[in-house]
Amino acid sequence: MDRMEYSPGDSTNGVKLNLGPIIENRIIEYQYDGTEKHARDYDLDEITADLACRIDWRTILGPDDTIEPLYNLRNLEINNRHDDDRKTAAQKEREHNEKIADAFPPEAGPWASVAKSLHESLESANNLLDVLRVIKDGNGLVMATVAAQPEDPPGLVNQSKAFTWNANRKALTEAKKVFDNYLENHKENSEIELFFKELKEIRKSYLVRKMGDHLIGDLGYRVYGSKWIPSETFDIYRVEENRRSGGLRFNNRRIPTMMEVDVPKHLAVRTSICVTVVFDNEGNDLLQKNVIEIRKPTANGSATALEVNDEIVPQKGDKKHDDLELEELESYGEKPNLSRMAYWKNALRWARDTLVYRDLFNQLTRECASLIGRSCSIRDDIIIISLFDDVMLKIEKSDSPFVDGELSVECDTYLMSMLKFCFYEEVNKSPYRSSYFVSLPNSTATDISELQGPYSMTLEDIIARDQPPKMLVERMISVTSHYCLVRCALDILTKQQTTHTDPTTTWKWQRCTITNSTLQVSLSCRGYEYIPKNSFHLRITEENIELIAKDGHVIDCRRDVKMVMENLLYQSALFWISATNLVANRAGFHLLQSHMNEFDINYKPAPTILLLNTCSTRMIFIQFFINGSPPMISTREILDFDPLGNQTEAEMDRRQFTELKYDRIPGSTFLKKIDNVFAVLRH
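What counts, and at which threshold
Residues numbered from 1 in each chain as written. Predicted model: local features only at pLDDT ≥ 70, side-chain atom pairs only at ≥ 80, totals over all residues. Heavy atoms only, no water. UniProt positions renumbered as here; feature names shortened; annotations may be inferred. Helix = DSSP H or I, 4+ residues; strand = E, 2+ residues; numbered from the N terminus. Buried < 20%, exposed > 50% of the residue type's maximum accessible area, 1.4 Å probe, protein only. Areas by Shrake-Rupley, 256 points an atom, 1.4 Å probe, with all protein chains shown as cover. Pairing = 2+ DSSP bridges. Axes fitted to C-alpha atoms, helices over the stretch in contact; angles between N-to-C directions. Left-handed = near helix turned anticlockwise from the far one by under 90°. Contact = heavy atoms within 4.5 Å. Nonpolar A, V, L, I, M, F, W, Y, C, P; charged D, E, K, R; others polar. Phe/Tyr/Trp six-rings, centres within 6.5 Å; stacked < 30°, edge-to-face > 60°. Expected span 1.5 Å × (residues − 1). Arc of directions from axis to C-beta. Polar contact = N/O pair within 3.5 Å; in protein donor to acceptor, adjacent residues only side chain to side chain. pLDDT = per-residue confidence, 0-100.

Per an unreviewed UniProt entry, the protein chain carries the name Mediator of RNA polymerase II transcription subunit 17 and comes from Panagrolaimus davidi. Per UniProt, the protein chain has the following entry under Subcellular location (unreviewed entry): "Nucleus". As its UniProt record puts it under Sequence similarities (unreviewed entry), the protein chain is described as follows: "Belongs to the Mediator complex subunit 17 family."

Student: Just checking my understanding: could you explain the overall build of the protein chain for this structure?
Tutor: Regarding its fold elements, the protein chain presents 15 helices and 24 strands. Across the 683 residues of the protein chain, 30% fall into the buried class. Element-wise, carbon and sulfur atoms account for 53% of the exposed surface of the protein chain, whose accessible area totals about 47900 Å².

Student: How should the pairing of strand β23 (residues 632-637) be read in this particular structure?
Tutor: As a general feature of sheets, a regular strand has side chains that alternate between the two faces. Note: strand β22 (residues 618-623) against β23, six bridges, orientation antiparallel. By the bridge assignment, Met-619 is partnered in β23 with Arg-636. Both β23 and strand β24 (residues 658-660) contribute to a ladder of three bridges, which runs antiparallel. In the sheet register, Ile-633 faces β24, and the bridge partner there is Leu-660.

Student: Sorry if this is basic, but what is going on with the packing of helix α13 (residues 561-587) against helix α15 (residues 670-680) here?
Tutor: Each pair of packed helices can be summarised by the angle the axes make with each other and by the distance between the axes. At their nearest, the axes of α13 and α15 sit 10 Å apart, and the two run at 35 degrees to each other. When you trace α13 past α15, the crossing you get is right-handed. Judged by residue contacts, Trp-576, Ala-579, Thr-580, Val-583, Ala-584 and Ala-587 of α13 engage Phe-670, Leu-671, Ile-674, Asp-675 and Phe-678 from α15. Its residues assigned to classes, the contact of α13 with α15 shows nine nonpolar, one polar and one charged.

Student: I'm lost on the packing of aromatic side chains in this one. Help?
Tutor: Applying the stated criterion across every chain yields a total of 15 aromatic pairs. Geometrically, the ring pair formed by Tyr-343 and Trp-344 is tilted, given 5.7 Å between the ring centres and 50 degrees between the ring planes. Trp-344 carries the same exposure label as Tyr-343, and that label is buried. Seen in terms of ring centroids, Phe-575 and Trp-576 are 5.4 Å apart; in terms of plane orientation they differ by 50 degrees. Their pairing is tilted. Taking relative accessible area as the criterion, Phe-575 reaches 2% and is therefore assigned buried. Residue class for Trp-576 comes out buried when judged on its relative accessible area of 6%. A network of ring pairs unites the aromatic residues Phe-575, Trp-576, Phe-624, Tyr-662 and Phe-670 as a single cluster.

Student: So what exactly am I meant to see when it comes to helix α10 (residues 413-428) here?
Tutor: Because each turn of an α-helix spans 3.6 residues, side chains separated by three or four positions in sequence point in the same direction. In a regular helix each residue adds 1.5 Å, so 16 residues correspond to 22 Å; α10 covers 22 Å between its end C-alpha atoms and thus fits that length. Regarding α10, the residues found buried are Leu-415, Met-416, Met-418, Leu-419, Cys-422 and Phe-423. What you see down the axis of α10 is that its buried residues fit within an arc of 165 degrees, all on one side. Of the exposed residues in α10, those oriented more than 90 degrees away from the buried face are Thr-413 and Asn-428. Turning to α10, the residues buried within the fold contact β9 (270-279), α9 (344-369) and α12 (472-499). Backbone nitrogen of Tyr-414 and a side-chain oxygen of the N-cap are separated by 3.1 Å at the start of α10; the cap is Asp-412.

Student: What is the right way to look at the confidence of the model for the protein chain in this model?
Tutor: A low pLDDT means the predicted coordinates there should not be read in detail. When the pLDDT values of the protein chain are averaged, the result is 78; 72% of them are 70 or greater. Note that residues 299-321 has pLDDT below 50 and, in this model, 26 contacts with residues that lie over four places away or in other chains. Overall, residues 326-335 carries pLDDT values under 50, and its contacts beyond four positions in sequence, including any with other chains, amount to 13 contacts.

Student: Honestly, the sheet that holds β23 in this entry has me stumped. Any pointers?
Tutor: Pairing between sheet strands relies on hydrogen bonds along the backbone, with the strands arranged either parallel or antiparallel. On the basis of which strands lie adjacent, the open sheet formed by five strands has the order β20-β21-β22-β23-β24 and antiparallel pairing. The strands lining the two open edges of the sheet, one partner per strand, are β20 (590-595) and β24. Shown here is a sheet whose adjacent strand axes are inclined to one another by a mean of 20 degrees, direction ignored. Bridging between strand β21 (residues 608-612) and β22 involves five bridges; their strand directions are antiparallel. By the bridge assignment for β22, Thr-608 is matched with Gln-623. The strands touched by α13 are β20, β21 and β22; relative to β21, the strand with the most contacts, the crossing angle is about 5 degrees. Here α15 sits on the sheet and contacts β21, β22, β23 and β24; the angle it forms with β22, its principal contact strand, is near 165 degrees.

Student: Mind showing me how you'd approach the pairing of strand β15 (residues 504-512) here?
Tutor: The pairing of β15 with strand β16 (residues 517-524) spans eight bridges and is antiparallel. Within β16, the position partnered with Thr-504 by the bridge is Ser-524. Counting the residues between successive antiparallel strands, the hairpin from β15 to β16 contains four residues.

Next up, the structure:
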């Protein structure tokens, strides 16, 4: 059913209702995979044609009428069209000009636009005079006699304008009274709304409880629920003045507030922790405390209260306190707590940081006392831990006044973030391991120990596998040691890239964790893409740097920078050996010998390669060094065998190897130099 109609009888008053279904796209076909293919949406022409087909013309024309008048009207239009065709071109042009004559404005000369502007200006001046006249008289409504034919039309026009202005002014006055009442009520409730808005915001980060007429909050982070530690709670006060003076600032702007917080006295101090890596051979006093200064944020130029959001211009009776004066007032107890003189967001954040940093430093101090195998010193809130060689970890705690400003703490950002991460992870970790079911696989083994369940392992094996968790200071030692070795490895690779540009050294991270990382290093040469790259790995652990060769051989470089650099150059020498062999084969030379374990006069690895040309008249000997010096290229001539020894001294000298000067060989890279040498000594 496409449509349902309901027509009430004549006795009831109502309207006809036509209820139709929602227009949906029809389904044309169902494909084999179950997809439905819908018809496209109808456009405006199709919808109009469909509606026109639904018109019941017989009902409109009547049962006895015909549609002949429509045909007669069409024939009349056809006849008129034929008459228009018989008209001459002059007649058509004259009729067209008569039709468009009214569309063009009459010509008023070149000053028509100026006259129009003057006319509009005079009208605006007349309107302004009317307004001034109404304001001066004070009587916007003037009684006038209503007549059928007024004797003074201009006066009547002026009276109607005055009446309109007076009516508008009266309407604006009534609207102003309504808005004034709203503003007065809103002003009375704004302070209460501000307090509850700030209270809602403070409950997003802290637990708040109402005790009688008092509001208290919790700064603690170890105890949750209804059990609070009294020394870690703060009080919330509501103040009457929402725009106070006297140093209440947030981000160097004085802001309105209805709330004050009073944190405990022992937390009304800004505590900070500085984590750095120091070296013992620099000659500095490692136990000397750093000076922490409070940097006041600068104002935004000469901005006024209207130019800065929510900023209030200092008043005449404002009293400013110096930082030292505030600290003295706090220590002697002559004034309220400094936390009530600071903005509540800053006060709670500083107090929470102080509580966390104090617990963190106390835990580090206790663990350092039980540390085994490490040299550790603790004095004046400074912890010095020896990592390896002359590298030490320094952790320092400092206290600053409870005033607004940025602390000038200079520390390693990564180590500080890792210290907080390890501490928070230990705090959030559950003290007991949750129990869960483990499904055992079906086993057909004959070993009885696999079928004994939890009794298949001895107590010693269980203790060996159940490693106790590391202390916080041990985790920081591991993280810091790995961090120092990673920086050392990156410095070595950067130096290798800048100092030894041939071959090209590239590297990328393959795995990066807080205690174990791996770098993939590749060696290549520009312009010789057919030579494969030599790739190896650098593995950095907590204690050493290891080089893993392409064949899987592991070279332990410990923490020796010189050893790491020499092994990198040794890998470059191996790359040159394979690259030289490929270039020699393309140039027609044959490989006679390649010795990877050769040594130089200083007993350092120095791989060598010996080549022979196609005619067997020249030999080329190349030796690579790992001390950074260029390769040594030597050549000699092969003469016929003389058993009688009749060769001259000059001919005998030609049998010896002659070293070629590396800098005088043409070519920008080693392979280009070798290519030129092969081209000269080929025959």
